[in-house]
Amino acid sequence: MQIRLTPSLLAWLRCFEATARCRSFTKAASELCVTQGAVSQQVKHLEGWLQRPLFLRTPRALVPTPEGQWLAVVLRESFQAIEGSLGQLKAAPDDRPTALSCAPSFAMGWLTPRLGDFFRAHPEVGLRVIGEFHALDRERMARDDVAAAVRFDLGDYRDLQATEFLDEWLLPVASPGFLAAHPALRSPADLHGALLLHDTSAWAGAGPYEEWEQWLRHAGAPVPPMGQGHHFNLSQLAVGAALAGQGIAIGRAALVLDDLAAGRLVAPFGRPVRSRASYYFVSEMDPTAHTALVQAWLAAQAARFRLQRDAVLAQWMPAAGR
């Protein structure tokens, strides 16, 4: 005889299995979150459909008949097999923090002040920012459990997806006090090596004087002996030295815009230059939903920042954006 598992029959079987396991209509009803009468009625429906009793109803307990005992074992094993299969198929919720490796200068100078917006909008993501600038590859990201990264470089990644979300502009910056103490600095040609502050690790593979050399070539100025200046391994450190009046640094607009707008730094020569490097969002080819949220948020923040940056650079240095 061919039996079709209708919704009604499945409901009867579920109530019977719970009753046989609990040996009580009341306990089965509590487990199934229905009334005791509903469970009893469902079992009676099953017995009527089978045309045989499944329980001996005694004053003290429900005792399965031999047929009822056999059916209870079959159902218990079947339900356990179904639950086990569903558990394997259902994707477990990923409640691990989403780790974002980020170039330290960008993390401190641009990203961190904006993170409150992300945390308010996406509290479920659990974003964790790690400041580091080592080279990335797929194997290293997997080993360190890094979901994505932000890097300032040329975007050349062989086995990862790198998407530019923000371009960068370079311009020399110094404190007002430093410029007041060096009135002879009237044009780029007046620069000499001892005044320069360097980030000697602008990005992986960049030369130690990459940003100053690029800007000086654009300005048509001679390149002074670079080794005479002060050297740092982070752009933020070079800019910090400039804020302290120790020399002139090449500022990245994303990192110095607030200081320029507030007058803590001055761009004595103007002439912003588009950097060869940009900010890239680096991830697996098929990022997770949380990683995609981080990327979309960064892109939106970058779009708003570009409007602000271009307005400030245009006001201070009309050459911006040419």
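For every chain, the first residue of its written sequence is number 1, and the numbers climb from 1 along that sequence. Predicted model: local features are reported for residues with pLDDT of at least 70 only, side-chain atom pairs are reported and counted for 80 or more only, and whole-chain, interface and lining totals are derived from all residues. Hydrogens and waters are ignored; side-chain quantities use all the structure's heavy atoms.

**With respect to the packing of helix α1 (residues 7-22) against helix α2 (residues 25-32)**
Condition: In this description, a line fitted to the C-alpha atoms serves as the axis of each element, helices being fitted only across the stretch in contact, and the angle between N-to-C directions of two axes falls anywhere from 0 to 180 degrees. Only runs of H or I of at least four residues qualify as helices and only runs of E of at least two qualify as strands under DSSP, and these elements are numbered from the N terminus. For classification purposes, angles smaller than 35 degrees are called roughly parallel, those larger than 145 roughly antiparallel, those between 65 and 115 roughly perpendicular, and all remaining angles oblique. Here a crossing is called left-handed whenever its near helix is offset anticlockwise from the far helix by less than a right angle, and right-handed whenever the offset is clockwise. Residues count as neighbours in contact if any of their non-hydrogen atoms are within 4.5 Å of one another.
Contact geometry of α1 with α2 gives a least axis separation of 8 Å together with a crossing angle of 125 degrees. Classed by the angle they form, the pair α1 and α2 counts as oblique. For the element pair α1 and α2, the recorded crossing hand is right-handed. Touching R14, C15, A18, T19, R21 and C22 of α1 are F25, K27, A28, E31 and L32, all from α2.

**Here we look at unusual backbone geometry**
Positioned with a positive phi, C33 is a non-glycine residue whose angle comes to about 60 degrees. With respect to the element layout, C33 can be found in the loop between α2 and α3 (36-50).

**Focus on the packing of aromatic side chains**
For any pair of aromatic rings, geometry is given as the distance between the ring centres together with the angle between the planes. Selection rule: We call Phe, Tyr and Trp rings a pair once their centres come within 6.5 Å, taking the six-membered ring for Trp, and we label the pair stacked below 30 degrees between planes, edge-to-face above 60, and tilted otherwise. Any Lys NZ or Arg CZ found within 6 Å of a ring centre and within 35 degrees of that ring's normal is scored as a charge over the ring.
Within this structure, the stated rule accounts for twelve aromatic pairs. Taking the ring centre of F79 as reference, the NZ or CZ of R14 above it sits at 4.9 Å. Residue placement shows R114 over the ring face of W110; its charged tip is 4.2 Å from the ring centre.

**Side note on the sheet that holds strand β3 (residues 98-102)**
Here is the rule: Any two strands with at least two DSSP bridges between them are considered paired.
Across the sheet, five strands lie side by side as β4-β3-β5-β12-β6; this open sheet has mixed pairing. Strand pairing shows two members of the sheet lacking a second neighbour, β4 (127-131) and β6 (161-166), which therefore form its edges. The mean angle between the axes of side-by-side strands here comes to 25 degrees, regardless of whether they run parallel or antiparallel. Summarising the sheet, β3 and β4 pair through five bridges and their orientation is parallel. Residue pairing for β4: T98 is matched across the bridge by L127. Helix α5 (residues 104-111) contacts β3, β4, β5 (148-153), β6 and β12 (278-283) of the sheet and is inclined by roughly 105 degrees relative to β3.

**Focus: empty space enclosed by the protein**
We apply this condition: The pocket and cavity definitions rest on a 1 Å grid over protein atoms only: a 1.4 Å probe that fits but cannot leave marks a cavity, an open set with protein on both sides within 12 Å along at least five of seven lines marks a pocket, and residues lining either have an atom within 4 Å of a point. Grid points are joined across faces, edges and corners, and a volume is the space filled by probe spheres set on the points. For this scheme, ten residues count as nonpolar: Ala, Val, Leu, Ile, Met, Phe, Trp, Tyr, Cys and Pro. Four count as charged, namely Asp, Glu, Lys and Arg, and the remainder, Gly too, count as polar.
Counted under the stated rule, the structure contains one cavity of 30 Å³ or more. The volume enclosed by the largest cavity comes to roughly 70 Å³. Lining the largest cavity, in full, are L197, H198, D199, P208, Y209, E210, E211, W212, S235, A238 and I250. For the lining of the largest cavity, the secondary structure elements donating two or more residues are β8 (196-199), α9 (210-219) and α10 (235-243). Residues belonging to the lining of the largest cavity are distributed by class as follows: six nonpolar, two polar and three charged.

**Looking at the pattern of salt bridges**
Formally: A side-chain nitrogen of Lys or Arg and a carboxyl oxygen of Asp or Glu constitute a salt bridge if their distance falls within 4 Å. Under the scheme applied here, a residue whose accessible area is under 20% of the maximum for its type counts as buried, over 50% as exposed, and between as partly exposed, the area being computed with a 1.4 Å probe on protein chains only.
Evaluated as defined, the whole model comprises 16 salt bridges. Among the ionic pairs, D199 bridges to R252, the shortest N-O distance being 2.8 Å. In this pair, D199 is assigned in strand β8 and R252 in strand β10 (residues 248-252), connecting sequence segments 53 residues apart. The two residues D199 and R252 agree in class, both being buried. Of the charged contacts in the structure, one is a salt bridge between E211 and R252, with a shortest N-O distance of 2.9 Å. Taken as a pair, E211 in helix α9 and R252 in strand β10 lie far apart in primary sequence, 41 residues in all.

**Quick notes on the side chain of T98**
In this fold, T98 is placed in strand β3. When neighbours within four sequence positions are excluded, T98 is seen to be in contact with V125, G126, L127, R128, A147, H290, T291 and V294.

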